[in-house]
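Secondary and tertiary structure notes
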Amino acid sequence: MADLMQFDLVSPERRVASYKASAVKVPGTEGDMTAMPNHAPLITTLRPGVVHVDGENGSDEFVVTGGFAQITDEGISVLAEESYHRDEMSQEILDRMLADAAEKQRKAVEASHNDPGPADDAAKLLADMMAMGSHVGLSADQSNL
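Keep in mind that what you see is a predicted model, and the values were worked out from it rather than measured.

1. Observations concerning the side chain of T44
Its location among the elements puts T44 in strand β4 (residues 42–46). T44 has contacts with G28, M33, G67, F68 and A69, leaving out every residue within four places of it along the chain.

Written out as C-alpha cells, the structure is:
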C-alpha cells in the first residue's frame with residue numbers, strides 16, 4: 001500500500017477507531033474534504049455525516065454527529081460529538097439523534113424571536129442528520145418532526 005498516516009476517531013465515551021489509513025474523507029461544515037499522507041496541517045469543524053476511511057484492511061465508514069478534525073504531520077484525529085461504526089448504527093440510534101436535533105431546532109426557533117441565524121442553524125443540523133441516516137440506509141421519516 002502507498003503512504004499511510006495515523007487515523008484516530010474518538011468520542012467523549014470511547015475510542016472508536018485507531019489504525020493506519022491512506023485516505024480519510026470527513027464531512028466538514030464548509031464541505032467534504034479528504035486527508036491523505038503529507039496533507040497540510042489543518043483544523044476543521046464537522047457537520048453530521050459519514051467519515052470514509054481507506055485503511056490497511058480495506059474501507060470503513062463511521063457516522064459522526066459533528067465535532068472537529070485535526071490534520072497534522074502524523075495523520076488525522078477526528079474528535080466527534082458522537083460516533084458509531086456504520087455496522088453499529090440502528091434505527092433506534094438514528095431516531096434518538098433526530099429527536100435530539102428536532103428538540104434543538106424547536107428550542108432555537110422558540111428562543112430566536114424571528115432571528116433567522118440560530119433557527120436556520122438548527123434546521124441545517126436536522127437536515128444533515130436526516131441525510132446521514134439515509135446515507136447509511138436507515139429511515140429518517142419521522143411523523144413527529
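2. Observations concerning the nonpolar core
Ranked by size, the top nonpolar core spans 20 residues in total, and within it F7, L9, V24 and I76 carry the most contacts. At 5 residues, strand β2 (residues 15–28) tops the list of elements feeding residues into this core. Setting aside residues up to four positions removed in sequence, F7 forms contacts with A17, S18, Y19, A21, V24, V51, V53, F62, I76 and V78. Residues V50, V63, I93 and M129 belong to the second largest nonpolar core, which totals 16 residues.

3. A short note on the environment of S11
With respect to the helices and strands, the residue S11 is situated in the loop between β1 (5–10) and β2. Its relative accessible area of 9% is what places S11 among the buried residues. A sequence separation of 72 residues divides S11 from S83, and the C-alpha atoms of the two residues are 6.2 Å apart. Residues within four places of S11 in sequence aside, it is in contact with V16, A80, E81, E82 and S83.

4. Remarks on the environment of G55
By secondary structure assignment, the location of G55 is in strand β5 (residues 49–55). Since its relative accessible area comes to 3%, G55 is described here as buried. A sequence separation of 56 residues divides G55 from A111, and the C-alpha atoms of the two residues are 44 Å apart.

5. Observations concerning the pairing of strand β7 (residues 67–71)
Only one face of β7 is covered, namely the one carrying G67, A69 and I71; the face carrying F68 and Q70 has none of its residues buried. In terms of strand pairing, β4 meets β7 through 5 bridges, oriented antiparallel. If you follow I43 over to β7, its bridge partner there is Q70. In terms of strand pairing, β7 meets strand β8 (residues 75–80) through 5 bridges, oriented antiparallel.

6. Some thoughts on the packing of aromatic side chains
Describing an aromatic ring pair means giving the distance of the ring centres and the angle of the ring planes. Summed over the entire model, instances satisfying the criterion amount to 2 aromatic pairs. Note on F7 and Y19: the rings are 5.5 Å apart at their centroids and 65 degrees apart in plane angle, and the pair reads as edge-to-face. Taken together, the positions of F7 in strand β1 and Y19 in strand β2 put the pair 12 residues apart, joining distant regions of the chain. Since its relative accessible area comes to 0%, F7 is described here as buried. Residues F7 and F62 carry aromatic rings whose centres are separated by 6.0 Å and whose planes lie at 40 degrees to one another, so their mutual orientation is tilted. Of the two residues, F7 sits in strand β1 while F62 sits in strand β6 (residues 58–64), which places them 55 residues apart along the sequence. The same class applies to F7 and to F62, which are both buried. Clustering of aromatic rings is evident, with ring pairs tying together F7, Y19 and F62.

Definitions and limits used
Residues numbered from 1 in each chain as written. Predicted model: local features only at pLDDT ≥ 70, side-chain atom pairs only at ≥ 80, totals over all residues. Heavy atoms only, no water. Helix = DSSP H or I, 4+ residues; strand = E, 2+ residues; numbered from the N terminus. Contact = heavy atoms within 4.5 Å. Core = buried A, V, L, I, M, F, W, Y, C linked by side-chain atoms within 4.5 Å. Buried < 20%, exposed > 50% of the residue type's maximum accessible area, 1.4 Å probe, protein only. Pairing = 2+ DSSP bridges. Phe/Tyr/Trp six-rings, centres within 6.5 Å; stacked < 30°, edge-to-face > 60°.

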